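Residue strings, one per chain:
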Amino acid sequence: AEEKLVLLANAPAGREVVKTTMKLFYGMAFGQRPLRPCWLDDCIKQQLWLEPSTTHLARLPPGATKAHRGRRPAARGACAAAPRAQLLAAYVVVPLGTNDFRSKWGGVARAAGAEVRLDLPSQHHSAREASEHCLVLVEKDAEEALVIGPLDRAKERGVLAASQDWVKHCLLQQLVLPPQEFPPKLKHS
């Protein structure tokens, strides 16, 4: 029997759009579009594995699929579409923040195809190569004292830094967006 992964998502009562949870981001990292539970009901009623129709698709937050519509795909990091299950395959991601953040968002980035590391790659690779393929992913509102050292080292090497919002928006739009549009926001100690 063939195994299939299905992401079911239901909007909270009184809302039209699904709530953005870690489960939603993990499912989207694996290339799944969230389906409303009515799709499963229809499959059971018809005793068939149905192709989802537009009425079966869960509504994502406003702007999730519209923010970068009309932009032309460009080089890695700009706005390039990637294979669904490997959206972030061109990246080495170094998550910075609390242990909980590094565990959760490192896992999401890995599920989306990124190589996840605990520290910046060694400098024996050319600086250009490291900066083209490496990104420091910073926890939203991270304590500056917790991340400033690694951020400074990344800047010295020409490695981009982006807020966790970059991963969220890449997944919601299923596009690799420009990391520069999502600068880290730190809390000053």
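Residues numbered from 1 in each chain as written. Predicted model: local features only at pLDDT ≥ 70, side-chain atom pairs only at ≥ 80, totals over all residues. Heavy atoms only, no water.

Here we look at the nonpolar core
Grouped together as the largest cluster of nonpolar side chains are 32 residues, with contacts concentrated most on L88, Y91, W166 and L171. Among the elements of the structure, helix 1 (22-29), helix 3 (99-111), strand 3 (134-138) and helix 6 (164-173) are those that each provide at least two residues to this core. Setting aside residues no more than four positions away along its own chain, L88 makes contact with A109, A112, G113, A114, W166, C170 and V176. Core analysis: the second largest hydrophobic core is formed by twelve residues, L96, C134, A142 and A154 among them. (Core = buried A, V, L, I, M, F, W, Y, C linked by side-chain atoms within 4.5 Å. Buried < 20%, exposed > 50% of the residue type's maximum accessible area, 1.4 Å probe, protein only. Helix = DSSP H or I, 4+ residues; strand = E, 2+ residues; numbered from the N terminus. Contact = heavy atoms within 4.5 Å.)

Side note on unusual backbone geometry
A positive phi angle, close to 50°, is found at Q47, a residue other than glycine. Summarising the element assignment, Q47 is placed in the loop between helix 2 (37-46) and strand 1 (92-96). Owing to a relative accessible area of 71%, Q47 belongs among the exposed residues under this scheme. For Q174, which is not a glycine, the phi torsion comes out positive at approximately 55°. Tracing the backbone shows Q174 in the loop between helix 6 and strand 6 (186-187). The class for Q174 is buried, based on a relative accessible area of 15%.

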